[in-house]
Amino acid sequence: MRLSSGVAISDGMNPPIVIGLLLACACAVGTNVAAVLKHRGANAVPTVRARHPLRSVRELLGSRWFAGGMAIGMFAGALHIVALALAPLSTVQVVLAAGVVLLAGIAQRVLGHRVPRRQRVGLIAVAAGLTMLVLAFPRLHGAHGSFGPSTLTAFEAAVALAGCAFAAVPRLRLLLAHRGVLLGAAAGAFFGVSDIAVKALTGLVGSGAAATAGPLLAMAIAGGAAAQFAAVRGLQEGDAVAVIAITGVAANVANIVGGIVVFGDPIAHGPLAWLAQSIGFVLVVLGSAFVPAGRSGPSRELRSTLSPA
């Protein structure tokens, strides 16, 4: 059985999809600006601790940089939800992924440090790869909001386990130098859990089955909370561009795969389309390898230049 959002099927790209993709463009800009602002604010306060959540939240929100980033991020999140209700999940995510090319310029302007060429190349490769993955899809028909509950549950569990693994791995001595990036990957996976649950919720609301939305809402909230905590710790432990980019890559990969597996988004047909998607996958992998700055530990030099706003 598949639960459906009831969105009408049409030939070609209908106006709601176009509106959804435009909103995703605005969300891409807002998300990257918010992440950079939060990085600056997070590095101006003490390290967040899961054992002291209220104190950590109070200290974070006491920074005007972090509070401003949160406000922009919440607005971008609202745009994201509307975009998910209007367009297929995988297509919305590729627009967000393409926005990662803005990250280097935003970080350089806001944080005032030079972004190495290696990271710029990695960011462009990731964005190009994710774009190729989805542009090779057949024509879009509706918002693709239908899903099988058992498939959604299994996929969400798998992504959540991946997020937990990324969060636990940095405890190993050999990987301490990459702690920030791995926490960013964990945050991206948890964002994926939340986003997929939100997409499913938009489908239930559209079909009038909102009464069954309780577990999905809980999943979205839990995934979002875990993602925010892992993201802040990652921003405090690692390089801004690397952590933000890897967070976005992990979230986008989870959502693109989830769009195909859970919501039945169309996949490539024909040898040329398969070739394009294969090249896109290689670009994502290679670009992700180029993004980490190769620097251990948190950005302490940035902390020393920032006053706790």
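(A) A look at the overall build of the protein chain. Secondary structure assignment for the protein chain yields twelve helices and zero strands. The helix and strand sequence of the protein chain, counted from the amino end, reads α-α-α-α-α-α-α-α-α-α-α-α. Relative to its full complement of 309 residues, the protein chain shows a buried share of 50%. Put simply, 85% of the contacts in the protein chain that link residues at least 6 apart link residues at least 24 apart. Approximately 14100 Å² of the protein chain is accessible, and the part contributed by carbon and sulfur atoms is 71%.

(B) Geometry of the environment of Ala 71. In this structure, Ala 71 sits in helix α3 (residues 64-86). A relative accessible area of 46% places Ala 71 in the partly exposed class.

(C) How the structure looks around the packing of aromatic side chains. Across all of its chains, the model carries one aromatic pair by this definition. For the pair Phe 147 and Phe 263, a centre-to-centre distance of 6.1 Å together with 75° between the ring planes defines the contact as edge-to-face. Residue Phe 147 is located in the loop between α6 (117-135) and α7 (149-168), and its partner Phe 263 is located in the loop between α10 (240-261) and α11 (271-290); the two are separated by 116 residues in the primary sequence. Exposure remark for Phe 147: the relative accessible area of 3% places this residue in the buried category.

(D) The nonpolar core, seen in detail. Core analysis: the biggest nonpolar cluster contains 40 residues, and Val 92, Leu 130, Phe 147, Leu 152, Leu 216 and Phe 263 have the highest contact counts within it. At the level of elements, α1 (15-42), α3, α4 (89-98), α6, α7, α8 (179-207), α9 (214-237) and α10 are the ones that each hand at least two residues to this core. Here this core gets eight residues from one element, more than from any other, and that element is α8. The contact partners of Leu 216, leaving out residues within four places of it in the chain, are Phe 147, Leu 152, Ala 197, Ala 200, Leu 201 and Leu 204. Membership of the second largest hydrophobic core comes to 13 residues, among which are Val 36, Val 100, Leu 103 and Ala 127.

(E) Geometry of the environment of Leu 60. Note on placement: Leu 60 falls in helix α2 (residues 53-61). Put simply, Leu 60 and Val 48 are twelve residues apart on the chain and 8.2 Å apart in space, counted from C-alpha to C-alpha. When sequence neighbours within four positions are dropped, the list of residues in contact with Leu 60 reads Ala 42, Val 45, Val 48, Phe 66, Ala 67 and Val 232.

(F) Geometry of the side chain of Asp 239. Structurally, Asp 239 can be placed in the loop between α9 and α10. Overall, the relative accessible area of 13% leaves Asp 239 in the buried class. Here Ala 242 takes part through its backbone nitrogen, which lies 3.0 Å from a polar atom of the side chain of Asp 239.

(G) Structural context of a nonpolar patch on the surface. A surface patch of nonpolar side chains, about 320 Å² in accessible area, is lined by Val 29, Val 101, Leu 102 and Ile 124. Among the structural elements, Val 29 can be located in helix α1.

(H) Structural context of the packing of α1 against α3. Two numbers describe how α1 lies on α3: the axes approach to 7 Å, and their chain directions differ by 160°. Considering the angle they form, α1 stands roughly antiparallel to α3. Every pair of crossing elements has a handedness; the one defined by α1 and α3 is left-handed. Classifying every residue of the contact of α1 with α3 gives 20 nonpolar, eight polar and two charged.

(I) Quick peek at the packing of α1 against α9. Contact geometry of α1 with α9 gives a least axis separation of 9 Å together with a crossing angle of 65°. The two elements α1 and α9 meet at a crossing, and its hand is right-handed. Contacts between α1 and α9 involve Ala 35, Lys 38, His 39 and Ala 42 from the former and Gln 228, Val 232, Leu 235 and Gln 236 from the latter.

(J) Fine view of the confidence of the model for the protein chain. The share of residues in the protein chain with pLDDT of 70 or more is 78%, and the mean pLDDT across the chain is 78. When pLDDT is averaged over each element of the protein chain, α7 comes out on top at 93 and helix α12 (residues 300-305) at the bottom at 42. In the predicted structure, residues 4-12 sits below a pLDDT of 50 and forms 19 contacts with residues beyond four places in sequence or in another chain. Confidence over residues 294-309 falls short of pLDDT 50; this stretch has 31 contacts with residues more than four positions distant or in other chains.

(K) Geometry of the pattern of salt bridges. Throughout the structure, instances matching the rule amount to two salt bridges. The closest approach of N and O atoms between Arg 179 and Glu 237, which form a salt bridge, is 3.7 Å. Pair noted here: Arg 179 is in helix α8 and Glu 237 is in helix α9, with a separation of 58 residues, a long-range link. Accessibility expressed as a relative area gives 13% for Glu 237, which makes it buried. Between Arg 233 and Glu 237 there is a salt bridge whose closest N-O contact spans 3.4 Å.

What counts and what doesn't
- Residues numbered from 1 in each chain as written.
- Predicted model: local features only at pLDDT ≥ 70, side-chain atom pairs only at ≥ 80, totals over all residues.
- Heavy atoms only, no water.
- Helix = DSSP H or I, 4+ residues; strand = E, 2+ residues; numbered from the N terminus.
- Buried < 20%, exposed > 50% of the residue type's maximum accessible area, 1.4 Å probe, protein only.
- Contact = heavy atoms within 4.5 Å.
- Areas by Shrake-Rupley, 256 points an atom, 1.4 Å probe, with all protein chains shown as cover.
- Phe/Tyr/Trp six-rings, centres within 6.5 Å; stacked < 30°, edge-to-face > 60°.
- Core = buried A, V, L, I, M, F, W, Y, C linked by side-chain atoms within 4.5 Å.
- Polar contact = N/O pair within 3.5 Å; in protein donor to acceptor, adjacent residues only side chain to side chain.
- Patch = residues over 30% accessible without salt bridge, like charges linked within 9 Å, V, L, I, M, F, W, Y side chains within 5 Å.
- Salt bridge = Lys/Arg side-chain N within 4 Å of Asp/Glu carboxyl O.
- Axes fitted to C-alpha atoms, helices over the stretch in contact; angles between N-to-C directions.
- Parallel < 35°, antiparallel > 145°, perpendicular 65-115°, else oblique.
- Left-handed = near helix turned anticlockwise from the far one by under 90°.
- Nonpolar A, V, L, I, M, F, W, Y, C, P; charged D, E, K, R; others polar.
- pLDDT = per-residue confidence, 0-100.

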